[in-house]
Amino acid sequence: MALEERCRIINFDDLGDERGKLVVIEGNQHIPFEIKRVFYIYDSDEEVIRGQHANRVSEFVLINVSGNSKIYIDDGKENMIVELDKPMKGIYIPQMVWKNMYDFSEDSVLLVLASTHYDRDEYIRDYDEYLKEIGKKK
Ligand code: TYD
């Protein structure tokens, strides 16, 4: 399946009214997994590149609940860049996709929903090793 289909953009509904906006994300309903972990990244600036890893087990949904950032994703065959720039927009990232997060605005708060509890051993932090594991390395 093409990278664009595997890493799909999810547009969440805005349940806002005159009192303000409200976005709801329920596990296994608005996103395709049960949420086991939540973390958020902020105070990273324009020069920082975060991520630079793939996960053997975890699936993620990333949302800039404030500000904006860019997500570079790569499956060893194709790559693409997605800009996260509103709280109603998320990107789903399945297992074994390489990702970099960068170009953070000053007010960027990047919320990450994950399908697993943290396990450092399921991270692949070396791109050559990543290619090897997905069978792309000659
Ligand atoms: P890291 O994976 O480098 O963050 P990013 O994906 O944004 O580049 O994580 C930074 C540190 O935080 C590292 O020491 C591992 C720790 N950490 C946890 O303990 N639990 C978590 O869920 C995450 C995402 C990181």
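Criteria and thresholds
Residues numbered from 1 in each chain as written. Predicted model: local features only at pLDDT ≥ 70, side-chain atom pairs only at ≥ 80, totals over all residues. Heavy atoms only, no water. Buried < 20%, exposed > 50% of the residue type's maximum accessible area, 1.4 Å probe, protein only. Helix = DSSP H or I, 4+ residues; strand = E, 2+ residues; numbered from the N terminus. Pairing = 2+ DSSP bridges. Core = buried A, V, L, I, M, F, W, Y, C linked by side-chain atoms within 4.5 Å. Contact = heavy atoms within 4.5 Å. Near = heavy atom within 4 Å. Polar contact = N/O pair within 3.5 Å; in protein donor to acceptor, adjacent residues only side chain to side chain. Nonpolar A, V, L, I, M, F, W, Y, C, P; charged D, E, K, R; others polar. Phe/Tyr/Trp six-rings, centres within 6.5 Å; stacked < 30°, edge-to-face > 60°.

Turning next to the pairing of strand S7 (residues 89-93). The buried count for S7 comes to 5 of 5 residues, which makes it a mostly enclosed element. Of the two faces of S7, the one carrying Lys89, Ile91 and Ile93 and the one carrying Gly90 and Tyr92 are both buried. As defined by bridge partners, strand S1 (residues 9-11) adjoins S7 across 3 bridges and the pair is classed as antiparallel. From the neighbouring strand, isoleucine 9 faces S7, where its bridge partner is isoleucine 91. Judged from the 4 bridges that link them, strand S4 (residues 60-66) and S7 form a sheet pairing that is antiparallel. Bridged to isoleucine 63 within S7 is glycine 90.

Here the focus is the nonpolar core. Core analysis: the largest hydrophobic core is formed by 19 residues, its most contacted members being Leu62, Ile71, Ile73, Ile91 and Leu110. Those elements giving two or more residues to this core turn out to be S4, strand S5 (69-74), strand S6 (79-84), S7 and strand S9 (109-114). Setting aside residues up to four positions removed in sequence, isoleucine 73 forms contacts with Leu3, Cys7, Glu78, Asn79, Met80, Ile91, Ile93, Val97, Trp98 and Lys99. Of all hydrophobic cores here, the second largest spans 9 residues; its members include Ile10, Ile31, Val61 and Ile63.

It is worth spelling out the site of the ligand at this point. All residues in the neighbourhood of the ligand are listed as Arg37, Phe39, Ile41, Arg50, Gly51, His53, Tyr118, Tyr123 and Arg125. Here glycine 51 contributes a backbone N or O atom positioned 2.8 Å from an oxygen atom of the ligand. Residue histidine 53 places a side-chain N or O atom 2.7 Å away from an oxygen atom belonging to the ligand. If you list the elements that add at least two residues to the shell around the ligand, you get strand S2 (37-42) and strand S3 (49-55). Grouping the constituent residues of the shell around the ligand by class yields 4 nonpolar, 2 polar and 3 charged.

Let us now look at the packing of aromatic side chains. A full pass over the atoms with the stated rule returns 6 aromatic pairs. Ring centres of phenylalanine 33 and tyrosine 92 lie 6.3 Å apart, and the angle between their planes is 35 degrees; this geometry places the pair in the tilted category. With a gap of 59 residues between them, phenylalanine 33 in the loop between S1 and S2 and tyrosine 92 in strand S7 connect regions that are remote in the sequence. For phenylalanine 33, a relative accessible area of 3% puts it in the buried group. Classification of tyrosine 92 as buried rests on a relative accessible area of 8%. Each member of the aromatic cluster is reached from another via a ring pair, and the members are Trp98, Tyr127 and Tyr130.

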